[in-house]
Amino acid sequence: MDLNPSDDLRKFLLGRKFATVMADPPWRFTNRTGKVAPEHRRLSRYPTLSLDEICALPVAEHLEKTAHCYLWVPNALLPEGLSVLSAWGFEYKSNIIWHKVRKDGGSDGRGVGFYFRNVTEIILFGVKGKNARTLPPARSQVNLFGTRKREHSRKPDEQYEIIERCSPGPYLEMFGRGVRDRWTVWGNQADESYRPTWDTYKYNSYVEAAE
C-alpha cells in the first residue's frame, strides 16, 4: 500500500459496494514484555495497524444498504473488535469460533496465551440495515468449526464456504492473502504470487501442493 490504509482502500475499491465483508486486521498489541507483536524484530512477520487506524477504514462507504461483516479478532482484543464493528457501521449479533485441532482431532495446544493456552479464535458477526438476517442455509450452520493450523496468522479456507452459504455477495475480503473466485481481495499480499515468507507447518496447503 503506497497510501495510508484508508486512502488505499478507497482508491482500490473505486466506489464499489459490497453485501458481505470479511476482515482479518493486522492488530497491534503489546505483549507482557512490553514489545509490540507481531512487529517485534524477532518475529518480523508483517506491519500492524493501531485500533484507531483500523476503525478509520472507510468500510461504511462501500456497503450496500443491507450488509454482513465477519471480523476476525484475537481473544485478548475482543472489546477492540466490537469497537471496530461499530465504527464500520455494523451491529454485533453473534460469533463463530475456530477450534484449532491436531491431526488426531484433539486441541492444538501450541497457541499463545498468558492466562490460558489459546486453541480458538473468534469471528465476530455483525449486520447493517433492515432485514439483515443470514441466508436460509445458515439455519443449519453451527457457530463452531475445527481445522488444523497453517502458516502463522493464516485463517482456514473453510471460512469461505461458511460465509458464502450464510451471506449474500458481492464479497469483500480485507487484509487478504492471494486471490479467490467471487471475492474482491484487498491487502498487501492480495495477489496471485502470494507465498508464505516465514516457517510454516508441513501440512499447510502451499507445501502440500508443491510436493
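Worth saying up front: this structure is predicted, and the values here are computed from it rather than measured.

J.: Talk me through the overall build of the chain; I want residue IDs and the actual numbers.
T.: Helix and strand counts for the chain stand at five helices and nine strands. Helices and strands appear in the chain in the N-to-C order α-β-β-β-α-β-α-β-β-β-α-β-β-α. When burial is assessed residue by residue, the chain has 42% of its 211 residues classed as buried. Sequence-distant contacts, at least 24 apart, represent 69% of the contacts inside the chain between residues at least 6 apart.

J.: Provide a residue-level description of the sheet that holds strand β7 (residues 144–147), including the pertinent values.
T.: Ordered by their spatial adjacency, seven strands build an open sheet running β7-β5-β6-β4-β1-β8-β9, and the pairing between neighbours is mixed. Here the strands that pair on one side only, and so sit at the sheet edges, are β7 and β9 (183–186). Each neighbouring strand pair of the sheet contributes to a mean axis angle of 20°, computed without reference to strand direction. Strand direction decides the pairing type here: strand β5 (residues 91–100) and β7, joined by four bridges, are parallel. Counterpart to W98 in the pairing with β7 is F145.

J.: So what's going on with the pattern of salt bridges? Residues and values would help.
T.: Oppositely charged side chains can pair when the atoms bearing their charge come close. Within this structure, the stated rule accounts for eight salt bridges. The residue E61 makes a salt bridge to R10 at a minimum N-O spacing of 2.9 Å. On the criterion of sequence distance, the pair formed by E61 in the loop between α2 (51–56) and β4 (63–73) and R10 in helix α1 (residues 5–13) is long-range, its members being 51 residues apart. A salt bridge links K93 to E91, with the nearest nitrogen and oxygen atoms 3.5 Å apart. Under the relative-accessibility criterion, K93 is labelled partly exposed at 47%.

Criteria and cut-off values
- Residues numbered from 1 in each chain as written.
- Predicted model: local features only at pLDDT ≥ 70, side-chain atom pairs only at ≥ 80, totals over all residues.
- Heavy atoms only, no water.
- Helix = DSSP H or I, 4+ residues; strand = E, 2+ residues; numbered from the N terminus.
- Buried < 20%, exposed > 50% of the residue type's maximum accessible area, 1.4 Å probe, protein only.
- Contact = heavy atoms within 4.5 Å.
- Pairing = 2+ DSSP bridges.
- Axes fitted to C-alpha atoms, helices over the stretch in contact; angles between N-to-C directions.
- Salt bridge = Lys/Arg side-chain N within 4 Å of Asp/Glu carboxyl O.

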